[in-house]
Number of protein chains: 4
Amino acid sequence: MESVTRFSVSLDKKLLHELDRMCREKGYDNRSLAIADMVRAHLVEHRQQFGEQDIAGTITLVYDHHKPHLMELLTDIQHDHGDLIIATLHVHLDHHNCLEVLAVRGQAEPIKKVADSLIAAKGVKHGKLTITTTGHDLPA
Amino acid sequence: MESVTRFSVSLDKKLLHELDRMCREKGYDNRSLAIADMVRAHLVEHRQQFGEQDIAGTITLVYDHHKPHLMELLTDIQHDHGDLIIATLHVHLDHHNCLEVLAVRGQAEPIKKVADSLIAAKGVKHGKLTITTTGHDLPA
Amino acid sequence: MESVTRFSVSLDKKLLHELDRMCREKGYDNRSLAIADMVRAHLVEHRQQFGEQDIAGTITLVYDHHKPHLMELLTDIQHDHGDLIIATLHVHLDHHNCLEVLAVRGQAEPIKKVADSLIAAKGVKHGKLTITTTGHDLPA
Amino acid sequence: MESVTRFSVSLDKKLLHELDRMCREKGYDNRSLAIADMVRAHLVEHRQQFGEQDIAGTITLVYDHHKPHLMELLTDIQHDHGDLIIATLHVHLDHHNCLEVLAVRGQAEPIKKVADSLIAAKGVKHGKLTITTTGHDLPA
């Protein structure tokens, strides 16, 4: 038997509207079921154990560079982990939006933490860690 | 200025517990911020279905640059789609292996096709298309 | 297919000797290749005088990202000229210092103005505009 | 009294045409005088001693990626000096021409050598080493 808990969530009005549209389009009976699925999907990703494996990868971020203090925060985090971040490619999508791609290399766990703190920064609209390989251990 | 709406969600107790733990581990200030990020991430993925949607993203490739004709092939494909590919960041992982990240923007379908042909190229050890957003259509 | 012309040049004996030494030190296969490179380099410089020439180039900046408001200012300038700036490569030199390289393309005059305003920004320790060619108008 | 030597040079026909036009525009009496000036200018640059100073900088290259074996050569040189080259930004200017910017850091002399061998590669239309600072030793 499942024990269900009820709690409240605050979302931007437009974002909620988009969520509801996606729920309809995906065929969910209600919002809670859709959110439960999202949480489970993210938990699975989050739990992935990369251990002490040496990985290469990219962190992709989209954000509004006009958001106060956001750029300083993102750059502070990046400079604090200069050993993991090789270089960053910044593309100016339009007057507001930036696409930033960080090339990273190192142990999986600390890289995951840097990605998490960048993506969690308020004002980052979308972020994603793409883990690939250093190529060493993968025959062509 | 943001307009925020409050609504209630029902989740399995254990799932909520796991969500809260993930929020702490990822450094979110509260549950709503985490759920907003999940919703946005899923919206981005969901919109991938719509072929004429304008998207931004990255294509990540790892390959051995000593593989005969591989670099010419990859560069030929990239130059043939100069309208979709903004710039490419190339990192020399070691004597053999390259990490290449392409920043892309344009219609989703042709971008997927370019990614497919790059990833399918013989000698590319790992490749991944990461679709994000142009930021235009995504509320903060 | 290239059409090559042969012609003769008169040089001071000592200067020719120095040219040949430089060719060896720089790794040129022969004198003609070295002279062709010199001619092209001087053509690129010579053409910079004509303000409406279509050019490609890079703007190199070194700055301390902890300087208040500097990053916002630099990014604002870059986003205001998104038509000239293709992409920006950001390297984290250490905890404080950033090396930023902007790939630019467009008319020479507006590019020079953008470079000037970036380099003049308070907190930029060193900046340089490197003008090269779009390749179109430069024979092999 | 000067001792003059006569030797022959092979140049692409179009490039020779451009050289002659530049000679006229700059007011040179003949080709040999112009080439002598170019050689001297490059000798001055080449002789610049940077010693063991730690520098940061960029190497900018424009080349035709269809040139046989050029990309492999450039990439081989870059991978052989992975300790000096942090990352490379590649922009597809058109169907033929590439703009490539390498972010470099290390001792000045070896960096100059890498730059020389990249720029001397047959098919590179224009190349330039831009030396800046690591920021350490430069007060804001």
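Model, not experiment: these values are computed from the prediction.

### Considering the overall build of chain A
Phase 1: When helices and strands are counted, chain A shows four helices and five strands.
Phase 2: Starting at the N terminus and walking to the C terminus, you meet the elements of chain A as β-α-α-β-α-β-β-α-β.
Phase 3: Within chain A, contacts between residues at least 6 apart in sequence are counted, and of these 67% link residues at least 24 apart.
Phase 4: Here chain A displays about 6400 Å² of accessible surface, and carbon together with sulfur accounts for 51% of that area.

### With respect to the interface of chain C and chain D
Phase 1: Every contact between the two is made by 66 residues of chain C and, on the other side, 68 residues of chain D.
Phase 2: At the junction of chain C with chain D, the criterion picks out one salt bridge.
Phase 3: The partner of Lys26(C) in a salt bridge is Asp116(D), and the shortest N-O contact between them spans 3.7 Å.
Phase 4: Remark: the boundary between chain C and chain D carries 22 residue pairs in polar contact (both at pLDDT 80 or more).
Phase 5: Every element with two or more residues in the side of chain C that touches chain D is listed here: strand 1 (4-12), helix 1 (13-26), helix 2 (31-47), strand 2 (54-64), strand 3 (85-92), strand 4 (97-107) and strand 5 (124-131) of chain C.
Phase 6: A total of 15 residues in the side of chain C that touches chain D trace back to one element, the largest contributor, which is helix 2 of chain C.

### Points about the state of the cysteines
Phase 1: If you walk through the whole model with that rule in mind, you get zero disulfides over all chains.
Phase 2: Unpaired in this structure, Cys23(A) has its nearest cysteine sulfur neighbour in Cys23(B), at a distance of 18 Å.
Phase 3: There is no disulfide at Cys98(B), and the cysteine sulfur nearest it, in Cys98(D), is 15 Å away.

### Some thoughts on helix 2 of chain C
All names here are of chain C.
Phase 1: Taking 1.5 Å of rise per residue, 17 residues should cover 24 Å, and helix 2 covers 24 Å from first to last C-alpha, within 8% of that figure.
Phase 2: When you tally the buried positions in helix 2, you get 15 out of 17 residues, the bulk of the element.
Phase 3: Regarding helix 2, its N-cap is Asn30, as a side-chain oxygen of that residue lies 3.0 Å from the backbone nitrogen of Ser32 further along.

### Side note on the interface of chain A and chain B
Phase 1: Of the residues lining the interface, 66 residues belong to chain A; the matching set on chain B comes to 67 residues.
Phase 2: Taking both sides of the interface into account, the surface hidden between chain A and chain B amounts to around 6700 Å²; carbon and sulfur atoms contribute 64%.
Phase 3: For the pair chain A and chain B, the interface holds one salt bridge.
Phase 4: On the surface where chain A and chain B come into contact, there are 19 residue pairs in polar contact (both at pLDDT 80 or more).
Phase 5: When contributions to the side of chain A that touches chain B are tallied by element, the ones reaching two or more residues are strand 1 (4-12), helix 1 (13-26), helix 2 (31-47), strand 2 (54-64), strand 3 (85-92), strand 4 (97-107), helix 4 (108-120) and strand 5 (124-132) of chain A.
Phase 6: Split into classes, the residues belonging to the side of chain A that touches chain B amount to 31 nonpolar, 18 polar and 17 charged.

### So, the sheet that holds strand 5 of chain C
Phase 1: With antiparallel pairing, the eight strands of this open sheet are ordered in space as 5(A)-2(A)-4(A)-3(A)-3(C)-4(C)-2(C)-5(C). The sheet is open, and its two borders are formed by strand 5 of chain A together with strand 5 of chain C, each paired with just one other strand. Direction aside, the axes of adjacent strands within the sheet are offset by 15° on average.
Phase 2: Two strands pair when backbone bridges link them, and strand 2 of chain C and strand 5 of chain C are joined in this way by seven bridges, in the antiparallel orientation. Its bridge partner lying in strand 5 of chain C, Thr60(C) is registered against Lys128(C).

### So, the nonpolar core
Phase 1: Grouped together as the largest cluster of nonpolar side chains are 77 residues, with contacts concentrated most on Leu11(C), Leu19(C) and Leu19(D).
Phase 2: Looking at which element gives the most residues to this core, the answer is helix 2 of chain C, with eight residues.
Phase 3: Apart from the residues within four sequence positions on either side, Leu19(D) is in contact with Val39(C), Leu11(D), Arg31(D), Ile35(D) and Met38(D).
Phase 4: Phe7(A), Met22(A), Ala36(B) and Val114(C) belong to the second-largest nonpolar core, a separate cluster that totals 73 residues.

Criteria and thresholds
Residues numbered from 1 in each chain as written. Chains lettered and ligands numbered in written order. Predicted model: local features only at pLDDT ≥ 70, side-chain atom pairs only at ≥ 80, totals over all residues. Heavy atoms only, no water. Helix = DSSP H or I, 4+ residues; strand = E, 2+ residues; numbered from the N terminus. Contact = heavy atoms within 4.5 Å. Areas by Shrake-Rupley, 256 points an atom, 1.4 Å probe, with all protein chains shown as cover. Salt bridge = Lys/Arg side-chain N within 4 Å of Asp/Glu carboxyl O. Polar contact = N/O pair within 3.5 Å; in protein donor to acceptor, adjacent residues only side chain to side chain. Disulfide = S-S within 2.5 Å. Expected span 1.5 Å × (residues − 1). Buried < 20%, exposed > 50% of the residue type's maximum accessible area, 1.4 Å probe, protein only. Buried area = accessible area lost by both parts, 1.4 Å probe. Nonpolar A, V, L, I, M, F, W, Y, C, P; charged D, E, K, R; others polar. Pairing = 2+ DSSP bridges. Axes fitted to C-alpha atoms, helices over the stretch in contact; angles between N-to-C directions. Core = buried A, V, L, I, M, F, W, Y, C linked by side-chain atoms within 4.5 Å.

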